[in-house]
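# Examination of the molecular architecture
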Amino acid sequence: MSAGDKSSTPKGEVYSPSADVIAQANVRDPEALRKEASENLEAYWAKRAEELTWFKKWDKVLDDSNKPFFKWFVGGRTNIVANAIDRHVRTWRRNKLALIWESERGEVRTFSYHALAREVCKFSNVLKSMGVSKGDRVTIYMPRIPETVIAMLATAKIGAVHSVVYGGFSVEALHGRIEDSESKVIVTADGGYMNGKVIELKKIVDEALRRTAAPENVVVVRHTGKEVAMEAGRDYWYHDLMSMPLVRTSQRCETEEMDAEDPLYILYTSGTTGKPKAIVHTHGGYQVGVYATFKDVFDIKEEDRWWCTADPGWVTGHSYIVYAPLIAGATSVMYEGAPTFPFPDRWWAIVEKYGVSVMYTTPTAIRGLMRFGHAWPNRHDLSSLRLLGSVGEPINPEAWRWFYKNIGKEKCPIMDTWWQTETGMFMITPMPAMTLKPGSASRPYPGVEADVVGEDGKPVKPGEEGFLVLKKPWPAMLRTVYKDPDRYVKTYWSRYPGMYTAGDSARKDEDGYFWIIGRVDDVIKVSGYRLGTAELESAFVSHPSVAEAAVIGLPHEIKGVAIHAYVILKANATQTDTLVDELKAHIAHEVGPIAKPETIEFVQSLPKTRSGKIMRRVLKARALGMDEGDLTTLEE
Ligand code: WT7
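Along each chain, residues carry numbers from 1 onward, in the same order as the chain's sequence is written. With pLDDT at 70 or above as the cut-off, local features in this predicted model cover only qualifying residues; side-chain atom pairs require 80 or more to be listed or tallied, and sums for whole chains, interfaces and linings still use all residues. Note that the side-chain values use all heavy atoms of the structure and ignore hydrogens as well as water.

## Some thoughts on the site of the ligand
Residues are classed as near a molecule or strand on a simple rule: at least one heavy atom within 4 Å of it. The full set close to the ligand counts 17 residues, and D416, T417, T421, R519 and R530 are the nearest of them. N or O atoms within 3.5 Å of each other form a polar contact, as long as, within protein, one can give a hydrogen and the other can take it, and as long as residues adjacent in sequence are counted only when both atoms are side-chain atoms. Between R530 and the ligand, the recorded distance is 2.7 Å, taken from a side-chain N or O atom to an oxygen atom. Under the convention used here, a 1.4 Å probe and the Shrake-Rupley method define accessible areas, while residue burial counts only the protein chains that appear. If the ligand stood free it would expose 560 Å²; the protein chains cover 96% of that surface. Here a strand is any run of E in DSSP of at least two residues, a helix any run of H or I of at least four, and the numbering for each starts at the N terminus. Of all the elements in the fold, those that place two or more residues in the shell around the ligand are α12 (315-327), β20 (414-417) and β25 (514-519). Gly counts as polar in this scheme, as do all residues outside two lists: the nonpolar Ala, Val, Leu, Ile, Met, Phe, Trp, Tyr, Cys and Pro, and the charged Asp, Glu, Lys and Arg. A breakdown of the residues in the shell around the ligand according to their chemical character gives 6 nonpolar, 5 polar and 6 charged.

## A short note on the pairing of strand β5 (residues 108-112)
One requirement defines pairing of two strands: DSSP has to find at least two bridges between them. Across 5 bridges, the pairing between strand β4 (residues 97-102) and β5 is antiparallel. When the bridges of β5 are listed, I100 appears paired with T110. Between β4 and β5, which pair antiparallel and follow one another directly, the connecting turn spans 5 residues, one of which, G106, has a positive phi of 100°.

## Remarks on the pattern of salt bridges
Pairing is possible between side chains of opposite charge, provided their charged atoms come close. Within this document, salt bridges are pairs made up of a side-chain nitrogen of Lys or Arg and a carboxyl oxygen of Asp or Glu, the two lying within 4 Å of each other. Applying the stated criterion across every chain yields a total of 54 salt bridges. Among the salt bridges present, the one from E422 reaches R530, with a minimum N-O distance of 2.7 Å. Here E422, found in the loop between β20 and β21 (450-453), pairs with R530, found in strand β27 (residues 529-532); they are 108 residues apart in sequence, far enough to count as distant. A relative accessible area of 1% places E422 in the buried class. Here the term buried applies to any residue with accessible area under 20% of the maximum for its type, exposed to any over 50%, and partly exposed to those in between, with areas from a 1.4 Å probe on protein chains only. A relative accessible area of 7% places R530 in the buried class. Across the pair K437 and D509 runs a salt bridge, and its minimum N-O distance is 2.9 Å. Taken together, the residues K437 in the loop between β20 and β21 and D509 in the loop between β24 (500-508) and β25 connect sequence positions 72 residues apart. For the pair shown, K437 and D509 are each scored as buried.

## Overview of the nonpolar core
Nonpolar core, defined: a set of buried Ala, Val, Leu, Ile, Met, Phe, Trp, Tyr and Cys residues in which side-chain atoms within 4.5 Å join the residues together. Residues W45, F123, L153, F298 and Y323 are the most contacted members of the largest nonpolar core, which totals 148 residues. No other element matches helix α5 (residues 113-129), which puts 9 residues into this core. Any two residues whose heavy atoms approach within 4.5 Å at even a single point are treated as in contact. Residue contacts for F298: discarding those within four places in its chain leaves T293, W306, V358, Y360, R386, L387, L388, G389, M415, T417 and F426. Of all hydrophobic cores here, the second largest spans 42 residues; its members include V171, A208, V546 and A573.

## Some words on helix α19 (residues 577-590)
By this rule, a helix spans an expected 1.5 Å times one less than how many residues it contains. Here α19 spans 20 Å end to end across 14 residues, near enough to the 20 Å set by a 1.5 Å rise per residue. Within α19 the residues assigned to the buried category are L579, V580, L583, H586, I587, A588 and E590. Where the residues of α19 are buried, they touch α7 (171-181), α18 (533-541), β28 (546-556), β29 (560-569) and β30 (599-602). Note on α19: the residue one or two positions beyond its end, G592, has a positive phi of about 150°.

## Some points on the packing of aromatic side chains
Side-chain rings of Phe, Tyr and Trp, where Trp is taken by its six-membered ring, are said to pair if the distance between their centres is within 6.5 Å; with planes under 30 degrees apart they count as stacked, over 60 as edge-to-face, and otherwise as tilted. Per the counting criterion, the structure on display carries 39 aromatic pairs. Ring plane angle 35° and centroid distance 6.1 Å describe the contact between W45 and Y445, whose orientation is recorded as tilted. Taken together, the residues W45 in helix α3 (residues 41-49) and Y445 in the loop between β20 and β21 connect sequence positions 400 residues apart. Across the pair, Y445 and W45 agree in class, each one buried. Between W347 and W348, the aromatic rings sit 6.4 Å apart at their centres with planes inclined by 90°, giving edge-to-face as the arrangement.

## Details of the sheet that holds strand β7 (residues 161-164)
Across the sheet, which stays open at both edges, the 8 strands sit in the order β12-β11-β8-β6-β7-β14-β15-β23 with mixed pairing between neighbours. Every interior strand has two partners, whereas the edge strands, β12 (235-237) and β23 (480-481), have only one. In this sheet, strand β15 (residues 277-282) lies alongside strand β14 (residues 263-269) in antiparallel orientation, the contact comprising 6 bridges. The partner of I266 across the bridge, within β15, is V280. An axis is simply a line fitted to the C-alpha atoms; with a helix, the fit covers only the stretch in contact. Between two such axes, the angle follows the N-to-C directions and lies from 0 to 180 degrees. Strand contacts of helix α6 (residues 146-157): β6 (137-140), β7, β8 (185-189), β11 (217-221) and β14, with the helix running at about 175° to β6, the strand carrying the most contacts.

## A closer look at unusual backbone geometry
The omega angle of the peptide bond from K67 to P68 is 0°, so this bond is cis rather than trans. Relative to the helices and strands, P68 is located in the loop between β1 (60-63) and β2 (71-74). Following F341, the chain continues into P342 via a peptide bond in cis, with omega recorded as -5°. If you trace the backbone, P342 turns up in the loop between β17 (331-335) and α13 (346-354). Its identity as a non-glycine residue notwithstanding, F73 has a phi of 55°, on the positive side. By secondary structure assignment, the location of F73 is in strand β2. What makes F73 buried here is its relative accessible area of 0%.

## So, the environment of L62
Examined against the element boundaries, L62 turns out to sit in strand β1. Residue classification places L62 among the buried positions, given a relative accessible area of 6%. Considering only alpha carbons, one finds L62 and P473, 411 residues apart in sequence, at a separation of 8.8 Å. Ignoring sequence-local partners within four residues, the contact set of L62 consists of E42, F70, K71, W72 and P473.

## Focus on the packing of helix α4 (residues 80-89) against α5
At a closest axis distance of 9 Å, the pairing of α4 and α5 adopts a crossing angle of 120°. By the angle class used here, α4 and α5 are oblique. Handedness of the α4/α5 crossing: left-handed. Taken together, the residues of α5 that come into contact with α4 (itself represented by A84, I85, H88 and V89) are Y113, H114, L116 and A117. Here the contact of α4 with α5 is built from residues that sort into 6 nonpolar, 2 polar and no charged. Each angle receives one of four descriptions, namely roughly parallel if under 35 degrees, roughly antiparallel if over 145, roughly perpendicular if within 65 to 115, and oblique otherwise. Left-handed is the label given to a crossing in which the near helix is rotated counterclockwise from the far helix by less than a right angle, and right-handed is the label when the rotation is clockwise.

Rendered as structure tokens:
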């Protein structure tokens, strides 16, 4: 390392990689890779893109002539499924396991690359027979089962665009997402298991569809066997469709040749308005970004067994359950249910049973399991693990140390990866050969230029808090907000000219390590799940007793942040404990169980600006007993 490179001697509580870890790392010298990428960004990404298959090579790596509408691998022809599936079935990997799945009830199903390819082709043919073609949207609302992965890949294979809605969302959230995407088909299941209970997804679909112009068809996977209502001419069983003579006999389906910049998927995420926005990702740049980061950060080898505990319904699942692992030809473990079912060692039993070597999870899950003590993990042989990961929210050093000691047995580096639905891939992240600091996502991935700036857009001093920005484009970046390019420009590129604003506050220390503090916008991260205050508030006012509502996030021991709601009732409603329960149930029903508020407080008024905007910052400061700050715009 060059003299004066401060990263070679990071200060504070640090964990340096062992010689073993460095010796076998895919990236032995992260600093050299960083230097290479910063010297020539386009050459770096071109080199990584060359590791993948293209129908036609690109003419230009990056087109930045129409900022912030960047284009990557311009002129290239590809399809992410050609890299995730097709190229493997032509090699020895056809016999390699792509997926090992365990249901909450303990049922196991495995898919080789060959088997997965066959199922994907068949379902692509099903979608085609339903009239789905290139560019059409397909909503996927599923439990964590293999058919979720199959449906996503089958949609992408024929050039259609998937919109996966997390199975933990409920009626109104689903309705809004179906309507906005104008999906032709919905893929769902009779239900899924969580904590021993059945979540009746098809019922929620039926209720959501009563609120909107119905899509043409609903495909239903039989998973729980519970009876569901099937509407003739609209609803079809997955297993019936997959065994139709035509589909059965044609287990082949051409992979549609796409332009590198053609959309692969849209994924709704919460922002500042009540209407969730759909982030658009493409085939070309996205596949390169997720593949390179996965290989470098999680150091994947042929022999590994990778387990990302996320749900395919979030970007983590899109990028690092479905696409990156398959592109890398890895073997993934997927588990349907709750980590504590039937006992708090279910996850550790899974690690032992399948010999998981790399495990990627969330701080909330770690804190939740930590609560049950180390006797639970100690009952299992976790020696197959060699690398761990964390994502979704800042990990507190205490949880980091517990994970490091009790799960990784002090030999597995923890990759604390900072990224977003919008970024598509890891942006600030360690690599195994780097020195770690518990609680810090460490440093930007090669080619990523991140910084912390003040109100004026100028970098703040080391240790000072500011806004996290990204100063250079990256291949897996969002291309736009679906049907709303103005919102794309306004939300991400308008605060400081030429910089992407992440919506997070952060600090950068003397060693150039980033410490993410939290959201600075109207997004709340509950247990790492991203929820918008506006979406929650609009769910509140859809209840007949509520006149107005404001929600804020407050620190919570396990969830990281929990929802606190302030509600003004209509004149005819009375404050009772039953009403509190009723409102909580209403939010769970409309948005989803993850959105259930921790507390609800009835109030007579809310702090507002003169223009009528609720000042959540004031509510938060009051709740925390802190200084309320500048109140000159307060009207109340
Ligand atoms: C927001 C993005 C990225 C996949 C899952 C979440 C927070 C994410 C970290 C981390 C601290 C983190 C940020 C970010 N976040 N990873 N390692 N350390 N905070 O995707 O739902 O789009 O949320 O999650 O606040 O902006 P998302």
